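Report on the structure
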Amino acid sequence: MSLYENNKLTFKSPFKGIHKICWQSPSNIALIKYWGKYGNQLPRNPSLSFTLQNSYTETSITYSFKNESNGISLEFYFEGKENIEFGNRVEKYLFSLIPIFPFLQQLQLRIETKNTFPHSSGIASSAASMSSIALCLCSIEKNHFNTLKSEADFFSKASFVARLGSGSASRSVYGGFVSWGESDEIENSSNEFALPLTIQIHDNFKDLCDSVLIVSSDKKKVSSSTGHKLMEAHPFADSRIKQANENLVKLLSALESGNFDSFIEIVENEAFTLHSIMMSSNPSYTLLLPNTLNIIKKIRDFRSDTRLPICFTLDAGPNVHLIFPRSFENQIYEFVEKELLVYCEPKFWIKDYIGKGPKLKID
Ligand code: DP6
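Our subject in this report is the structure included herewith. (Residues numbered from 1 in each chain as written. Predicted model: local features only at pLDDT ≥ 70, side-chain atom pairs only at ≥ 80, totals over all residues. Heavy atoms only, no water.)

Right, let's get into the packing of helix H5 (residues 237-257) against helix H6 (residues 260-279). Closest axis-to-axis distance for the H5/H6 pair is 9 Å, and the angle between their directions is 155°. The orientation of H5 relative to H6 falls into the category roughly antiparallel. Viewed along their axes, H5 and H6 form a crossing whose handedness is left-handed. Across the interface between the two elements, Arg-240, Gln-243, Ala-244, Asn-247, Lys-250, Leu-251, Ala-254 and Leu-255 of H5 pack against Ser-262, Phe-263, Ile-266, Val-267, Asn-269, Glu-270, Thr-273 and Ile-277 of H6. A breakdown of the residues in the contact of H5 with H6 according to their chemical character gives 8 nonpolar, 5 polar and 3 charged. (Axes fitted to C-alpha atoms, helices over the stretch in contact; angles between N-to-C directions. Helix = DSSP H or I, 4+ residues; strand = E, 2+ residues; numbered from the N terminus. Parallel < 35°, antiparallel > 145°, perpendicular 65-115°, else oblique. Left-handed = near helix turned anticlockwise from the far one by under 90°. Contact = heavy atoms within 4.5 Å. Nonpolar A, V, L, I, M, F, W, Y, C, P; charged D, E, K, R; others polar.)

This is the structure we're talking about:
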């Protein structure tokens, strides 16, 4: 039985009218990568990300009471249009949540969702969208059942529920730096939900930028779930899990001490490990493109010439995330425009920053 299964959460009598809830929830960028899972969406290793500011999904759920309590009744709209493909995925997700939110079977639901960032741009849309749905569901529970009264309880459950939709979404319910997964280094850490970091973050890392350079906006070549599966029989799996734990310890210490050299070493190591695991998997995937490597070379040259604290990370795709403190924004944007945009889809890059987390828009 899951931590939050609760058959008391059903309406004893019908409620009147149509209600609406709306949350904006951001995507996040992982510095220590979640790669490999087991059981019901549990991570093989702890991960650490920071939440973005401008790249978010806005999700509203409009709901009314339906007389027959029979499965999920959902209309789903993406960017203003009915979307059957996404709708089916969300319906399956909601169906799987019935043991946690049994009231879902008693509702007629209309979900409308839109993103502030383009699709296939290297911004994890599932993290933003699944966390925004999870937050809306927790708000419905809170408003009607008088539960989840403390902020800590509310967000912990939202993180747990978001995780069931997409692992990385568990981290998006909090702002700033967030970890997910058991680690001896992080008190109360769990594989079931994420936690905001409570260590004192050094000023060097308080205002980071994440500029995403879009080398290709083609659809993902390998889905996350397929990717995570590759870890199951991977010959380096145990070493990778050990490495992620060690990198987490080093990264926490760098975030506290302000050591940018150590931060760069770990973040770039994690990005290349993710891709080397994919390349050495069976079947093998090469998601890096020649221009990804061209950009990385330029970043490393620029760093050694200027000594500016800038590094890259990668998701499971070819697009490059440039990470640097906001105080160097102007110099770095100039470098991007002069030296890196030639390797990107025409004029295609996204400027984002570390953000404060989700926002409730309609309660
Ligand atoms: C490379 O969270 O998208 O972005 O749980 O199957 O939905 P599912 O996977 P997902 O995996 C993200 C992998 C990653 C690294 C990370 O965000 O930690």
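Further remarks concern the state of the cysteines. For the structure on display, the rule yields 0 disulfides. Among the cysteines around Cys-136, which has no disulfide bond, Cys-22 carries the closest sulfur, lying 6.3 Å off. Under the relative-accessibility criterion, Cys-136 is labelled buried at 0%. (Disulfide = S-S within 2.5 Å. Buried < 20%, exposed > 50% of the residue type's maximum accessible area, 1.4 Å probe, protein only.)

A few words on the nonpolar core. Formed by 83 residues in total, the largest nonpolar core has its most connected members in Leu-48, Leu-94, Leu-97, Phe-177 and Phe-263. It is helix H2 (residues 125-145) that provides the largest number of residues to this core, a total of 10 residues. With sequence-adjacent residues up to four places away left out, Leu-94 is seen in contact with Ile-72, Leu-74, Leu-104, Leu-109, Ile-111, Ile-133 and Leu-137. Phe-324, Tyr-333, Leu-340 and Leu-341 belong to the second-largest nonpolar core, a separate cluster that totals 25 residues. (Core = buried A, V, L, I, M, F, W, Y, C linked by side-chain atoms within 4.5 Å.)

As enumerated under the stated definition, the model contains 23 aromatic pairs in all. A centroid spacing of 4.9 Å and a plane angle of 55° characterise the contact between Phe-11 and Phe-15, whose relative ring orientation is tilted. One exposure class covers both Phe-11 and Phe-15, and it is buried. Relative to Phe-155, the ring of Trp-23 has its centre 6.2 Å away and its plane inclined at 85°; by these criteria the two rings are edge-to-face. Of this pair, Trp-23 sits in strand E1 (residues 19-32) while Phe-155 is found in helix H3 (residues 151-165), placing the two residues 132 residues apart along the sequence. Each member of the pair, Trp-23 as well as Phe-155, is classed as buried. The aromatic ring of Tyr-77 is capped on one face by Arg-110, whose charged end is 4.1 Å from the ring centroid. A cation sits over an aromatic face here: Arg-326 above Tyr-353, 3.6 Å from the ring centre. (Phe/Tyr/Trp six-rings, centres within 6.5 Å; stacked < 30°, edge-to-face > 60°. Lys NZ or Arg CZ within 6 Å of the ring centre and 35° of its normal.)

Before going further, it helps to spend a moment on the packing of H2 against H3. Contact geometry of H2 with H3 gives a least axis separation of 8 Å together with a crossing angle of 135°. The pairing of H2 with H3 is recorded here as oblique in orientation. Seen along the crossing, H2 lies across H3 with a hand that is right-handed. Residues Met-130, Ser-131, Ala-134, Leu-135, Cys-138, Ser-139, Glu-141 and Lys-142 of H2 touch H3, and the partners they reach there are Phe-154, Phe-155, Lys-157, Ala-158, Val-161, Ala-162 and Gly-165.

Moving on, we get to the side chain of Ser-27. Inspection of the secondary structure puts Ser-27 in strand E1. In this view, Ser-27 contacts Thr-51, Leu-52, Ser-55, Tyr-56, Ile-123, Ala-124, Ala-127, Ala-128 and Ser-172; residues no more than four positions away in its chain are not counted.

So, about the pairing of strand E4 (residues 47-65). Extensive coverage of E4 is indicated by the burial of 15 of its 19 residues. Bridge analysis of E1 against E4 gives 12 bridges, and the strand direction is antiparallel. By the bridge assignment for E4, Ile-29 is matched with Phe-50. Alignment of E4 against strand E8 (residues 177-180), held across 4 bridges, turns out to be antiparallel. The residue bridging Phe-50 from the neighbouring strand is Phe-177, located in E8. Bridge analysis of E4 against strand E7 (residues 107-115) gives 9 bridges, and the strand direction is antiparallel. The partner of Phe-65 across the bridge, within E7, is Leu-107. (Pairing = 2+ DSSP bridges.)

Once that is clear, we can look at the side chain of Arg-171. Tracing the chain through its elements places Arg-171 in the loop between H3 and E8. Asp-315 provides the closest opposite charge to the buried, unpaired Arg-171, separated from it by 6.7 Å. Not counting chain neighbours up to four residues away, the residues in contact with Arg-171 comprise Asn-28, Ala-30, Tyr-34, Ser-47, Ser-49, Thr-51, Val-178, Trp-180 and Ala-194. (Lys, Arg positive; Asp, Glu negative; His and termini not counted. Salt bridge = Lys/Arg side-chain N within 4 Å of Asp/Glu carboxyl O.)

This part takes up H3. Over its 15 residues, H3 runs 21 Å from end to end, which matches the ideal 21 Å to within 8%, given 1.5 Å per residue. With 12 of its 15 residues buried, H3 lies for the most part within the structure. Residues Phe-154, Phe-155, Ser-156, Lys-157, Ala-158, Ser-159, Phe-160, Val-161, Ala-162, Arg-163, Leu-164 and Gly-165 constitute the buried set of H3. On its buried side, H3 packs onto E1, strand E3 (42-43), helix H1 (84-96), H2, E8 and strand E9 (194-196). (Expected span 1.5 Å × (residues − 1).)

As a structural note, the neighbourhood of the ligand is formed by 16 residues, with Tyr-34, Lys-37, Ser-166, Gly-167 and Ser-168 the closest of them. Between Gly-167 and the ligand, the recorded distance is 2.7 Å, taken from a backbone N or O atom to an oxygen atom. Arg-171 has a polar side-chain atom sitting 2.8 Å from an oxygen atom of the ligand. Here the shell around the ligand takes 3 residues from helix H4 (residues 224-230), the largest share from any one element. Within the shell around the ligand, the residues separate by chemical class into 4 nonpolar, 8 polar and 4 charged. (Near = heavy atom within 4 Å. Polar contact = N/O pair within 3.5 Å; in protein donor to acceptor, adjacent residues only side chain to side chain.)

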